[in-house]
Amino acid sequence: MIVELSFIFFFSLASLYLLRKVAKIIGLVDKPNLRKQHQGVIPLVGGIAVFITLAQYIYNRPDTIPYSNLFLASIAVLTIVGAIDDRFDISFKIRLVIQTLLTLFMMYFTGLELNSIGNILGLGSMEFGMLAPVITVLAVLGAINAFNMVDGIDGLLGGLSIVTFTSIGIILSMQGQSELAMLCVVIVVAMLPYVLMNLGMFGRKRRVFMGDAGSMMIGFTVIWLLLNSSQVKGEFLMRPVTALWLIALPLMDMAAIMYRRIKRGRSPFRPDRDHLHHICQRVGLSQWQTLLVICGLASLFASIGIIGEVFVIPEYVMFVGFVICFSTYNI
């Protein structure tokens, strides 16, 4: 395992170094502006490198994840669309249409839907019935864009992704799903070179950004794993309420920011500087302190989810706790 994970790490690292050069040639770079305060042009290749690394792993082990070919095709489309968006800044409406179509393909070919949210009210399992397809589309779009929106400071998207995939991997491992748990470990290891380069650990001149190509691919992978773990009949690997806790912070930040934008009469997809990391920095925290606080908070939420799953804390108790945290976050 150590040898294989070492190969994953250096494969991802080599991909980043190669893609950096290509990105500068084709203009796939992020330039500073009024909203983006970084210095110099930064290659937007982190997501592409992670995708390539993940794709070669799954291609060589197709039994690692259910419907591996469809999954690979889906994240390939999202990575390509994201890269095009990074380069040419396409309309968010186009992105939403493509994300919706991919979700419909997923449901049609796999039969995977968000059918139940469990016994969150203490009155028995709540089923969506005929509304399941609509709820599934909204859930997938929510997950994809939650991780897309949270990418605001160096290391944040990488850090939150590592927290989420580590948490999912822990639960899958406890349920005896060694291959899926290993996939989560592979994703984390593939992310590490990006995080290190994003934070400037290999020199500020070698920094890279994840880009929409990566954030959309990560969000889709997260929701794919959560749906497969909590919605497959006869193989419930975790309760739906646990999934909420594992991605609590990206979900809360997305909901809060969209609510504030709509309240001000603005588009919920229009960028601004009201995300949690902006708020932390406005109260005086440095970038590193902000990164540690937010990732620490995400780890706390994920830990609550894992503890609730391990000790089988009633779903309604877990849900009430989530609602209290969610409401407090949105005050």
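Look up a bit, the structure's there.
Structural notes, computed from the coordinates. (Residues numbered from 1 in each chain as written. Predicted model: local features only at pLDDT ≥ 70, side-chain atom pairs only at ≥ 80, totals over all residues. Heavy atoms only, no water.)

**Quick word on the packing of helix α2 (residues 46–60) against helix α7 (residues 178–198)**
Each packed pair of helices is defined by two parameters, the angle between the axes and the distance between the axes. Going by this rule: Here an angle of 0 to 180 degrees is reported between the N-to-C directions of two axes, which are lines fitted to C-alpha atoms, with helices fitted over the stretch in contact. Runs of H or I in DSSP of at least four residues are treated as helices and runs of E of at least two as strands, each being numbered from the N terminus. Helix crossings get a hand from a simple test, with the near helix turned counterclockwise from the far one by less than a right angle marking a left-handed crossing and a clockwise turn marking a right-handed one. In what follows, residue pairs with any heavy atoms lying within 4.5 Å of each other are defined as contacts.
It is at 9 Å that the axes of α2 and α7 come closest, and there the two elements cross at 145°. Judged by the twist between their axes, the crossing of α2 over α7 is right-handed. Between α2, through Gly46, Val50, Thr53, Leu54, Tyr57 and Ile58, and α7, the contact on the second element is made entirely by Met182, Leu183, Val186, Ile187, Ala190, Met191 and Tyr194.

**A short note on α2**
Counted only if it meets this: Here a helix's expected span is defined as the number of its residues, less one, multiplied by 1.5 Å. Residue exposure (1.4 Å probe, protein chains only): buried if accessible area is under 20% of the type maximum, exposed if over 50%, otherwise partly exposed.
Taking 1.5 Å per residue as the helical rise, α2 with its 15 residues ought to reach 21 Å, and the 22 Å between its terminal C-alpha atoms agrees with that figure. Where burial is concerned, most of α2 is hidden: 12 out of the 15 residues are buried. Residues Gly46, Gly47, Ile48, Ala49, Val50, Phe51, Thr53, Leu54, Ala55, Gln56, Tyr57 and Ile58 constitute the buried set of α2. Where the residues of α2 are buried, they touch α1 (2–26), α3 (68–88), α7 and α8 (211–230).

**Thoughts on the nonpolar core**
Just so we agree on the cut-off: Nonpolar cores are built from buried Ala, Val, Leu, Ile, Met, Phe, Trp, Tyr and Cys residues. Side-chain atoms within 4.5 Å join them into one set.
Judged by nonpolar contacts, the single largest core of 109 residues is most densely connected at Leu183, Ile218 and Phe220. The element contributing the most residues to this core is α7, with 14 residues. When residues no more than four places from it in sequence are discounted, the contact partners of Leu183 are Leu54, Tyr57, Ile58, Thr64, Ile65 and Leu225.

**Describing a nonpolar patch on the surface**
Worth spelling out the cut-off: Nonpolar side chains (Val, Leu, Ile, Met, Phe, Trp, Tyr) are joined into patches within 5 Å and like charges within 9 Å, using only residues with over 30% relative accessible area and no salt bridge. Per-residue and other accessible areas were derived by the Shrake-Rupley procedure at a 1.4 Å probe size, with only the shown protein chains allowed to occlude residues. We count a salt bridge whenever a side-chain nitrogen from Lys or Arg sits within 4 Å of a carboxyl oxygen from Asp or Glu.
Where nonpolar side chains cluster on the molecular surface, the patch consists of Val97, Leu101, Leu104, Phe105, Tyr108 and Phe109 and spans about 650 Å² of accessible area. Relative to the elements of secondary structure, Phe109 occurs in helix α4 (residues 92–110).

**Section: the pattern of salt bridges**
On inspection of all chains with the given rule, the structure shows 4 salt bridges. Salt-bridge contacts for Asp85 lead to Arg95; the nearest nitrogen and oxygen are separated by 3.1 Å. Of this pair, Asp85 sits in helix α3 while Arg95 is found in helix α4, placing the two residues 10 residues apart along the sequence. In terms of burial, Asp85 and Arg95 fall into one category: buried. Arg239 is paired through a salt bridge with Glu309; the nearest N and O atoms lie 3.5 Å apart. With Arg239 in the loop between α8 and α9 (240–246) and Glu309 in helix α12 (residues 287–310), the pair connects residues that are 70 residues apart, well separated along the chain.

**Side note on a positive patch on the surface**
To keep it simple, the criterion reads: Counting rule for charge: Lys and Arg are taken as positive, Asp and Glu as negative, and neither His nor the chain ends is counted. Charge positions are represented by NZ for Lys, CZ for Arg, CG for Asp and CD for Glu.
On the surface, a cluster of positive charge is made up of Lys21, Lys24, Lys205 and Arg206. Summarising the element assignment, Lys21 is placed in helix α1. The exposed category is assigned to Lys21, whose relative accessible area is 56%.

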